[in-house]
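Listed below are the residues making up each chain.
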Amino acid sequence: MRLLDLLGALALALVIGVLVVGHGVCLPLLDASGLLDPDLARAVSAPIAARLAEVLLAASIVVALGLPSARATASGRALAWALVGGAAVHRLLIVPAVADAWSRVDRGAMLPQDLAALATRWTQAQHWTLLGLGLVALALLVLRAALTPRPGEPVERDK
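All values derive from a computational prediction rather than experimental measurement. (Residues numbered from 1 in each chain as written. Predicted model: local features only at pLDDT ≥ 70, side-chain atom pairs only at ≥ 80, totals over all residues. Heavy atoms only, no water.)

## Section: the overall build of the protein
A count of helical and extended segments in the protein gives five helices and zero strands. Going from N to C terminus, the protein has its helices and strands arranged as α-α-α-α-α. Projected onto its principal axes, the C-alpha coordinates of the protein cover approximately 65 × 30 × 20 Å. Buried residues in the protein amount to 35% of all 159 residues. (Helix = DSSP H or I, 4+ residues; strand = E, 2+ residues; numbered from the N terminus. Buried < 20%, exposed > 50% of the residue type's maximum accessible area, 1.4 Å probe, protein only.)

The structure is reproduced here in structure tokens:
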């Protein structure tokens, strides 16, 4: 296995880890923690969410450039660049909008209500985007597994 192939596989694992552990476990636990005021929890989790989005974007670029299954087929290329595009939209559009919307809301009282509704809509858009990115990453993982040679099969050598 070449170094670039290994980096692509590790980057795909990092993408899935950021989505599952970072956005699926750590940030919701921090927001739901009873130890912090809701406004303080959001203030603490906003920079963490921004760093997770940056890691997600960088890792998705490495996946698109380094994963052999992403380069080998047209569907792999489409999935890889869809992952990059979705991660870029998430980092450059959705994460700042969510942080800005929640910074204007008192989370304890959920006031003002119109800004709370806007923040909730942005948060839902973020959740749907992350779900879509997770599905694309899993599709790339399945494609990688399908294109991996089985034991006993001849291995195509790089030229």
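Picking up after the structure, the text goes on.
## Re the pattern of salt bridges
In the structure shown here, the tally under the stated rule is five salt bridges. For R71, the salt bridge is made with D5, and the minimal N-O distance between the two is 3.6 Å. Of this pair, R71 sits in helix 3 (residues 68–72) while D5 sits in helix 1 (residues 3–31); the two residues are 66 residues apart in sequence, bridging distant segments of the chain. Between E54 and R51 there is a salt bridge, and its shortest N-O distance comes to 3.0 Å. You can see E54 and its partner R51 sitting in helix 2 (residues 38–66), three residues apart, about one turn around the helix. According to the relative accessible area criterion, R51 is partly exposed, its value standing at 45%. (Salt bridge = Lys/Arg side-chain N within 4 Å of Asp/Glu carboxyl O.)

## A short note on the layout of surface pockets
If you add up the space inside the second largest pocket, you get close to 340 Å³. What lines the second largest pocket is a set of 17 residues, among which L27, D31, R42, Q126 and H127 lie closest to the centre. When residues of the lining of the second largest pocket are traced back to their parent elements, those giving at least two are helix 1, helix 2, helix 4 (74–103) and helix 5 (113–147). Ranked by the residues each element gives to the lining of the second largest pocket, the list is headed by helix 5, at five residues. (1 Å grid on protein atoms, 1.4 Å probe; cavity = no way out; pocket = protein on both sides within 12 Å on 5 of 7 lines; lining within 4 Å. Points joined across faces, edges and corners; volume = space filled by probe spheres on them.)

## A closer look at the nonpolar core
Counting residues in each nonpolar core, the largest one holds 25 residues, and the members touching the most others are V15, L56, V63 and L83. Put simply, the parts of the chain that give this core at least two residues each are helix 1, helix 2, helix 4 and helix 5. L56 has contacts with V15, V18, L19, A87, H90, L130 and L133, leaving out every residue within four places of it along the chain. Grouped together as the second largest cluster of nonpolar side chains are seven residues, I94, V98, A101 and A116 included. (Core = buried A, V, L, I, M, F, W, Y, C linked by side-chain atoms within 4.5 Å. Contact = heavy atoms within 4.5 Å.)

## Regarding the packing of helix 4 against helix 5
In a packed pair of helices, the relevant descriptors are the angle between the two axes and the axis-to-axis distance. Contact pair helix 4 / helix 5: the axes reach a minimum separation of 9 Å and the direction vectors enclose 160 degrees. The angle between helix 4 and helix 5 falls in the class roughly antiparallel. Between helix 4 and helix 5 lies a crossing of left-handed hand. Among the residues making up the contact of helix 4 with helix 5, the classes are represented as 21 nonpolar, eight polar and no charged. (Axes fitted to C-alpha atoms, helices over the stretch in contact; angles between N-to-C directions. Parallel < 35°, antiparallel > 145°, perpendicular 65-115°, else oblique. Left-handed = near helix turned anticlockwise from the far one by under 90°. Nonpolar A, V, L, I, M, F, W, Y, C, P; charged D, E, K, R; others polar.)

## As for helix 2
The first and last C-alpha atoms of helix 2 sit 40 Å apart over 29 residues, in line with the 42 Å expected at 1.5 Å per residue. The largest bend along helix 2 reaches roughly 25 degrees and is located at S45, with the proline P47 sitting one to four residues downstream. (Expected span 1.5 Å × (residues − 1). Bend = angle between axes of the 7 residues up to and from the residue.)

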